[in-house]
Amino acid sequence: MAEIKLGNIFKITFWKVVAIGFGLVSAYVAYIRYFRGLGYATHLNDQFPWGFWIGFDVISGVGLAAGGFTITALVYIFNIKKFKPIVRSVVLTAFLGYVLVIVGLMFDLGKWYYVWHAIFYWNEHSVMLEVAWCVMLYTTVLLLEFSLTVFERMKWDKLVKLHHWLTPLLVTLGVMFSTLHQSSLGS
Amino acid sequence: MNPGMLIDITKCIGCEACSRACKEANNLPPEMDPILTWKTWKVIVQQKGLFYAKACMHCDNPTCVSVCPVGAMKKTELGPVVYHPEICIGCRYCLQACPFRIPKYEWNNPTPVVGKCIMCYGRVSAGKPTACSSVCPTGATIFGNHDDLLREAKQRIGLNPNLYVDHIYGEKEAGGTSILYLAPLSFAELGFNTKGMEQVFPALTWKVQKEIPKVFSITGVMMMGLWWIINRREKYGDKTPDEIDEMQKHQ
């Protein structure tokens, strides 16, 4: 692996300039969104209440995460050891995918500061409630699945042991939530 | 009492008294928008030389209520469909789902709300008629018990079959609504949504939604079962029964 030198971080390259430019524009748009409203930032209106990025969220974020539950299920439940080497990167990718979705939601929800209402106010007839819960719980499961790497690195042996014991349960929960989430997206 | 309103398009003169009364009764900002917005809950639509008032239909089985994840849209016991801004998370699913495209969103505000007619819930629950119906100068909008209004509408069609089309919009649309319309032209011509409307929309998703606990538990049991079988086979697959007994003793 190439060694990371501190000096290299500040070296200016073409793509770093592009990334910084992109970041600045995004920060400006985020400022408008949070201080002036969704309409100024996105030009959405009553005829088009949802943006195209919901499709992007679903395809990239949730789509990435689909690998998470399929590969972990293949390895831990169906015992197909061939895929074991990629499990960790797959879990991390899935986790980042879901984090992307959640971050996106915090911009997209008009009253993002009330996002926790989904935990306390239930309307079990709503497909969106199901999606919200699946996102919350599957993100938690992915975090727990990935936590093994942290436990090993920190040499918390007891937690590592507990984690190995819990793995089948976590993987099963991952399959359960994902089955519900990925299928409910159609509606 | 099951309150509702009957809107007779043949009688509407487009004076906008109803939209102005609506603004006042619901303490909305006074500027009048030409189309429904978060702060204009009732508008006059001009179509084919006719006028009619447009606002929430107050479905018996409202799609907005069914899709709202947090239950900010509520079908009250009395009948009106009301909105709770203090619960709403701003997902805008109601705007997307309403078969009549009624709820509107406050786009240019960082702390936005959804706006739609609430059938003057406060007034109606105090036994008073809605603001719009009480100011209508021609009786185009009348307030009353839904069943009486439906009877009245049928009677009007029966007495004047040449004037009205034989269709009460809202009788069967979206599974029945509290607001009923009578018209001299077909509702499609007047700009009403008429395609595939005679069904109860929340039933479409509930058909699937109600199976969730079942699917969830079956997936769980199946996966854990598979894991148990496959791991057991991995562990003991090539062992004789005696060896398995021996192994289990030492566990």
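Note: the structure precedes this text.
None of the values given here were measured: they were computed from a predicted structure. (Residues numbered from 1 in each chain as written. Chains lettered and ligands numbered in written order. Predicted model: local features only at pLDDT ≥ 70, side-chain atom pairs only at ≥ 80, totals over all residues. Heavy atoms only, no water.)

Novice: How would you sum up the overall build of chain B? Please name residues and give values.
Specialist: Each helix and strand in chain B was counted, giving nine helices and nine strands. Its C-alpha atoms give chain B a radius of gyration of 27 Å, more than 25% over the compact-globule value 18 Å for 251 residues. Taken along the three principal axes of its C-alpha coordinates, chain B extends 95 × 45 × 35 Å. Expressed as a percentage of its 251 residues, the buried residues of chain B come to 48%. Taking the contacts inside chain B whose residues are at least 6 apart along the sequence as the reference set, 57% of them involve residues at least 24 apart. With 28 positive and 24 negative side-chain charges, chain B shows a separation of 5 Å between the mean positions of the two kinds. (Helix = DSSP H or I, 4+ residues; strand = E, 2+ residues; numbered from the N terminus. Rg over C-alpha atoms; globule rule 2.2 N^0.38 Å. Buried < 20%, exposed > 50% of the residue type's maximum accessible area, 1.4 Å probe, protein only. Contact = heavy atoms within 4.5 Å. Lys, Arg positive; Asp, Glu negative; His and termini not counted. Charge placed at Lys NZ, Arg CZ, Asp CG, Glu CD.)

Novice: Describe the sheet that holds strand β1 (residues 3–8) of chain B, naming the residues involved and giving the relevant values.
Specialist: Residues and elements named next belong to chain B. Read across the sheet, three strands follow the order β8-β1-β9 without closing on themselves; strand pairing throughout is mixed. The strands lining the two open edges of the sheet, one partner per strand, are β8 (141–145) and β9 (179–182). On average, each strand axis in the sheet is tilted by 25° relative to the strand beside it, whichever way the strands run. Across four bridges, β1 lies against β9 in parallel orientation. Within β9, the residue paired with methionine 5 across the bridge is isoleucine 179. (Pairing = 2+ DSSP bridges. Axes fitted to C-alpha atoms, helices over the stretch in contact; angles between N-to-C directions.)

Novice: How would you explain the pairing of strand β2 (residues 43–47) of chain B if you had to name every residue and give the values?
Specialist: Residues and elements named next belong to chain B. Where β2 and strand β3 (residues 50–54) come together, five bridges link them in antiparallel fashion. Each residue of the ladder has a partner; that of isoleucine 44, found in β3, is alanine 53. Following β2, the chain reverses through two residues before pairing antiparallel with β3; lysine 48 in that reversal takes a positive phi of roughly 55°.

Novice: Lay out the pattern of salt bridges in plain terms, naming residues and giving numbers.
Specialist: All names here are of chain B. Summed over all chains, the structure comprises ten salt bridges over all chains. Note that lysine 214 and glutamate 211 form a salt bridge whose closest N and O atoms lie 2.8 Å from each other. Owing to a relative accessible area of 26%, glutamate 211 belongs among the partly exposed residues under this scheme. Salt bridges sharing partners connect three or more residues here, namely Asp8, Glu152 and Arg156. (Salt bridge = Lys/Arg side-chain N within 4 Å of Asp/Glu carboxyl O.)

Novice: A description of helix α6 (residues 146–159) of chain B should follow, citing residues and the corresponding values.
Specialist: Residues and elements named next belong to chain B. With 14 residues, α6 should cover 20 Å at 1.5 Å per step; its first-to-last C-alpha distance of 20 Å lies within 8% of that length. Residues of α6 that are buried: His146, Leu149, Leu150, Ala153, Arg156 and Ile157. Looking straight down α6, one finds its buried side chains confined to an arc of 120°; they lie on one side. In this structure, α6 carries Arg151, Gly158 and Leu159 as exposed residues pointing more than 90 degrees from its buried face. (Expected span 1.5 Å × (residues − 1). Arc of directions from axis to C-beta.)

Novice: Any chance you could break down the interface of chain B and chain A for me, citing the residues and the numbers?
Specialist: Contacts between the two partners involve 46 residues from chain B, matched on the other side by 48 residues from chain A. Buried area between chain B and chain A, both sides added, is near 4,100 Å², and the carbon and sulfur share of it is 62%. Of all residues in chain B, B:Ile89, B:Trp107 and B:Phe216 give up the largest surface area on contact with chain A, accounting jointly for 16% of the area buried on that side. Where chain B meets chain A, there are two salt bridges. As a salt-bridge pair, A:Lys81 and B:Glu234 come within 2.8 Å of each other at their nearest N and O atoms. Between chain B and chain A we count 24 residue pairs in polar contact (both at pLDDT 80 or more) in total. If you list the elements that add at least two residues to the side of chain B that touches chain A, you get α2 (63–67), α3 (93–97), β6 (104–105), α7 (201–209) and α8 (212–236) of chain B. A per-element tally of the side of chain B that touches chain A places α8(B) first, with twelve residues. (Buried area = accessible area lost by both parts, 1.4 Å probe. Polar contact = N/O pair within 3.5 Å; in protein donor to acceptor, adjacent residues only side chain to side chain.)

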